[in-house]
Amino acid sequence: MKRILVGLSASAALLLAACGGSSTATNPSTGAANTIPTPPAASLTGAGATFPAPFYTAAFYAYNQKYSQVTVNYQAVGSGAGIQQLTAKTVDFGASDVPMSASELTAAGGSDAVVQIASTLGTEGLAYNLQGVSTGQLKLTPDTIAGIFLGSIKKWNDPALAADNSGVSLPNAPISVVHRSDGSGTTYIFTDYLSSVNADWKSKVAKGKSVNWPVGQGAKGNEAVATTIKNTPNSIGYVELAYILQTNMTQASLKNHDGNFVVPSPEGATAAASQFLAVNPSQFSIVDAPGKDSAPISGYSWLMLYKEQTDKTKGTAAVDLLDWMVQDGQQYATTVHYAKLPATMVRNDINSLKTVTSGGSTLLNVPSPS
Amino acid sequence: MSRATAEVIPAPPVAKSHRRRFNAGDQVFTGLAYAAALLMIVIAVIFVIALVIPALPAITSFGVGFLTGRVWDPVHLRFGALPAIYGTLVTSAIGILLAFPIGLGAALFLAEEGGLSAIRGPLSFAIELLAAIPSVVIGLWAFFILTPIMRSIVDPFLNHTLGFLPFFRGGASGYGYLTAGVVLAIMVLPIMTALSRDVIRAVPRALREASLALGATNAESIWSVVLPFARVGITGAVLLSLGRALGETIAVTMVIGNSPNISASLFSLGYTLPSVIANEFTEAVGKVYQGALFELALILALITIVVNVLARLLIWRFKGSEPSVA
Amino acid sequence: MNRLIVRIAVDRLVTGLIAISVALAAIPVIILLLFVVIKGVPGILASGFFTQSFHPYGVPGGGVLNAIVGTLEIVGIGSLLAVPVGALIGIFLSEYGRNQIGDTVRFISDVLTGLPSIAFGIFGYTVLVATLGHFSAVSASVALAVLMLPVILRATETALLLVPHSLREAGLALGAPRWRVTMEVIVPAALGGIVTGALLAMARAAGETAPLLFTALGNDYLQTNPLRPMGALALTVFRNALLPYSNLQDQAWAAGLLLVMLVALTNILARIYVRRIQR
């Protein structure tokens, strides 16, 4: 199944390359065989989520190197602000780790006013600072993670933890919990995970970009969480994978839905995403995915733009950009430790982009990758 | 530059006889000046609108309970400002308590004349430079360098020696009220020092010399002449510093621990009004949640206004004019 | 005799305490500046720091040209707005402001001085970004201008009040209209104070982050059009210092160091200028 999808998306890319839109032109720098539709000159502004920002800036930079007439200025102001600014129409596209809710869509002009596409896939790990316990050695289950963050598991040598960690020497010391203090998509995905696996968490805290934490210390941003953990013996916190890998932190292996212990990785995120083929902007959660390799705390990040574009040139430039982003642009995801989008998602995204119009005419003129 | 302020002679109102000479230029100029002044009032009105209108949904939903509520739960839309108000007041108080004696001592040194003047210039300059270091830089410095020092040296020492007081009990993580207070002390030190220095310089030299001539030691003349004379002005400097400390955002956010607690121990993690705003402003969705953050900003603005007005009144009373250090 | 010894001891003690305070006040400045220098120098020495714009992680090189240009332009436009208006309000306060309007303006200015800087960002957003429908450098300039106004108008008023009254009277006695006396006699005499106030206000504005977040927004590309989003050094520090990629972190620190140097330079210029005026 997977192979077929990959094949489909590859042929889609070929088709894309072969059948240019109305404005076909050969760009000498991109090689002779290509007749890729050249995007119109435009200067686009996007704002929103911080979580995928390294990937976005890398991809948009590459796009500008390829099509120098298009500059895309992306600023990481936060998902909530991204949605707000899209609604206020101060940006050409917004970005958020959580798609817009029904009420946000209403505020933006109706449930059908905005097109939302998945742009990348990421995962989170639980990083810790325990003397002599290296990456993957600490094993955590959904219940122990919830226990630690609810404050019911207070010490590292708690019997509940010891049960899964025979052979690991866990200290008789209190657990210092570190969490995000700023509202963030990272927190949303983590609390979404806890709400799906633990009834106590769901009733007492629930999911959100900011929640009322029962225990722990708040730090602003992934980096501050990472540094606080590094600075504090016997601490633990949830951190986005890129930060764990870039800063060489130790992270736990997590028991996934199938009962396997996995160390979170981009491959684990891809495996998790492959279990949810029907993901869409209103059913977007992929936490606690089944499958033996699935990383349990994974999630998509989203880009959004208005379905009806008032400025045709800008609108065309924007859909061309996003069309590239979900296909060729995906190669830039792996260098910053995000996972490539699954082929089904790419197809959904392109179909969504084809609904973007200006003055009644479709802006993305490429054949459907069936 | 404000050192000469004490000798200001207020301009008396220009006599009517000058206005008798009709001049179009004068009218235009007067008009311009009035227009500029009115612009200031327009700005103030826009400011009030820009802060109050977005806060209305929260004000109407929570009423006075917002001020006394202790829960901050964005998921269930329950918001109370008390922990943040408490944290703001406690951290600012610590900051002022630490900065006041140090700033005053440094000001006494800087205001003196003769002897060691080679150090005074550079020192004044360095302290004023401190005021210009962006607050995010100070925050990062505190986060990386100050918190380990607090955790491993300062907090354990205080716990060991003063642990019988409720303020210094409990485990210390290196973050929390005390660390935030120290950061605020560092940040308001330049204002405290510069303003106190100007106030002390304004003490008439004759008074001081008279006291010394009567055989008082330097310390005695500071205690019985300089400080009484400068008392009100120094109080004003303290209040102005307090105004600055209350509103400080990024640097405090990096070290306060961002946890809505109310606890007597200065080692415990806390929250402040500007920190909540800085942490949640960009991700807040929904009118009530955003409104709650705007209402925090409004509370902060009101506290700041009260403190500043008090400070200006005191300094005015003392100097008969305005200090020029912002 | 015994009492004298006690008095001298107390005097020494107080002198000692003052010396300790001076040391305690100077130490944070020195360690902070050292910290900024040590963290910032590697980034400043990296090739392309001054000549290239932002490069994302994984692309070698890259610098803060976009942010340097942005800071200069945003603060420059802000100053063009704030300095004349602030000086004019200062003139109003000293020449016409002994009334209700003057007191109101002074009160507003005092309150503005104490407001948290994020409030100025909200102001800029409400007034220009939300109404024009896009982020722009000029909206940041307006936000910073309002932040600068109180400093400039206070400095102007103070400086004007210091001008000897005899100068004013001499001018009027010669039959010159009041506005010419103000502009050609009093303002030139007070120029030192006005310029110092303006420079200090510019220095403060250059270091502000919060007013820029929702006005200038930031821009990874070199942008000189004031109606477009624009980068700034303070934004570079704020955004990049917390990324996990070391070359971007280095750039953030270097941007911080550059900002401190810019402010120091402004301060030194102001001092030199004032000293020259005073001679």
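Please read these numbers as outputs of a predicted model, since none were measured by experiment. (Residues numbered from 1 in each chain as written. Chains lettered and ligands numbered in written order. Predicted model: local features only at pLDDT ≥ 70, side-chain atom pairs only at ≥ 80, totals over all residues.)

With that settled, consider the overall build of chain B. Scanning chain B for helices and strands turns up twelve helices and two strands. The order of α-helices and β-strands along chain B, N terminus first, is α-α-α-β-β-α-α-α-α-α-α-α-α-α. The buried share among the 326 residues of chain B stands at 53%. A separation threshold of at least 6 residues defines the contact pool for chain B, and within that pool the share at least 24 residues apart is 77%. (Helix = DSSP H or I, 4+ residues; strand = E, 2+ residues; numbered from the N terminus. Buried ≥ 20, exposed ≤ 12 C-beta atoms within 10 Å, placed from the backbone. Contact = placed C-beta atoms within 7 Å.)

Across its full length, chain C holds ten helices and zero strands. When the elements of chain C are put in sequence order from the N terminus, they spell out α-α-α-α-α-α-α-α-α-α. Long-range contacts, defined as pairs at least 24 residues apart, comprise 72% of the intrachain contacts of chain C with a sequence gap of at least 6.

Residues and elements named next belong to chain B. Relative to the helices and strands, Val203 is located in the loop between α7 (177–201) and α8 (205–213). Along the backbone, Val203 and Ala111 are 92 residues apart, and their C-alpha atoms lie at a distance of 10.0 Å. In this structure, Val203 is in contact with Arg208, Val226, Phe229 and Ala230, ignoring residues within four places of it in sequence.

The subject of this paragraph is the packing of helix α2 (residues 65–96) of chain C against helix α5 (residues 137–162) of chain C. Residue and element names in this part refer to chain C. Where α2 contacts α5, the axes come no closer than 6 Å and their chain directions differ by 35 degrees. By crossing handedness, the relation of α2 to α5 is classed as right-handed. Classifying every residue of the contact of α2 with α5 by side-chain character gives 23 nonpolar, seven polar and two charged. (Axes fitted to C-alpha atoms, helices over the stretch in contact; angles between N-to-C directions. Left-handed = near helix turned anticlockwise from the far one by under 90°. Nonpolar A, V, L, I, M, F, W, Y, C, P; charged D, E, K, R; others polar.)

This next bit is on the interface of chain B and chain C. Taken together, the contact between chain B and chain C spans 78 residues of the former and 75 residues of the latter. Where the side of chain B that touches chain C is concerned, the elements lending two or more residues are α2 (24–62), α4 (82–111), α5 (117–130), α6 (135–162), α7, α9 (218–247), α11 (273–280) and α12 (287–319) of chain B. Ranked by residue count, the leading element in the side of chain B that touches chain C is α2(B), at 18 residues.

Turning to the pairing of strand β2 (residues 70–76) of chain A, a few remarks are in order. Residues and elements named next belong to chain A. Most of β2 is tucked away: seven of the seven residues are buried. As paired elements, strand β1 (residues 42–48) and β2 share seven bridges and run parallel to each other. Counted as the bridge partner of Leu44 is Val72 from β2. One crossover worth recording links β1 to the parallel β2 by way of helix α2 (residues 53–66), and it is right-handed. (Pairing = 2+ DSSP bridges. Right-handed = clockwise from strand over helix to strand, strands pointing away.)

Listed as interface residues are 22 residues of chain B and, on the opposing side, 26 residues of chain A. Counting only elements with at least two residues in the side of chain B that touches chain A, the list comes to β1 (72–73), α6, α10 (250–255) and α11 of chain B. Ranked by the residues each element gives to the side of chain B that touches chain A, the list is headed by α6(B), at three residues. Residue classes in the side of chain B that touches chain A are distributed as eleven nonpolar, eight polar and three charged.

Residues and elements named next belong to chain A. Pairing is mixed in the open sheet, where three strands are placed in the order β5-β10-β11. Across the chains shown, the open sheet's two edge strands, defined by having one partner strand only, are β5 (139–140) and β11 (261–262). In terms of strand pairing, strand β10 (residues 253–255) meets β11 through two bridges, oriented antiparallel. Note on β11: the bridge partner recorded for Leu254 is Val262.

On to the environment of A:Gln251, then. Residues and elements named next belong to chain A. Within the fold, Gln251 resides in strand β9 (residues 250–251). Sequence separation between Gln251 and Ala127 is 124 residues, and the spatial gap between their C-alpha atoms is 4.1 Å. Setting aside residues no more than four positions away along its own chain, Gln251 makes contact with Gly125, Leu126, Ala127, Thr135, Ile244, Val263 and Pro264.

Quick look at the confidence of the model for chain C now. Predicted confidence across chain C gives a mean pLDDT of 88, with 98% of residues reaching 70 or more. For this predicted complex, the interface confidence comes out at an ipTM of 0.84, alongside a pTM of 0.84. (pLDDT = per-residue confidence, 0-100.)

Packing of α5(B) against helix α1 (residues 2–45) of chain C leaves a shortest axis separation of 9 Å and a crossing angle of 55 degrees. Here α5(B) is positioned oblique relative to α1(C), judged by the angle of their axes. Crossing of α5(B) over α1(C) shows left-handed handedness. Seen from α5(B), the contacting residues are B:Leu123, B:Ala126, B:Ile127, B:Leu129 and B:Leu130; seen from α1(C), they are C:Val22, C:Ala25, C:Ala26, C:Pro28, C:Val29 and C:Leu32. Across the contact of α5(B) with α1(C), the residue classes break down as eleven nonpolar, no polar and no charged. (Parallel < 35°, antiparallel > 145°, perpendicular 65-115°, else oblique.)

This part covers α11(B). Summarising burial for α11(B): eight of the eight residues are buried, a large majority. The complete set of buried residues in α11(B) reads B:Leu273, B:Pro274, B:Ser275, B:Val276, B:Ile277, B:Ala278, B:Asn279 and B:Glu280.

On to the confidence of the model for chain B, then. Residues and elements named next belong to chain B. Of all residues in chain B, 88% attain a pLDDT of 70 or more, and the chain-wide mean is 83. Mean pLDDT values for the elements of chain B range from 49 in helix α1 (residues 16–19) up to 94 in α4. With pLDDT under 50 throughout, residues 1–9 is counted as low confidence; its partners more than four residues away or in other chains account for 21 contacts. Within the model, the stretch residues 321–326 combines pLDDT values under 50 with 22 contacts to residues more than four positions away or in other chains.

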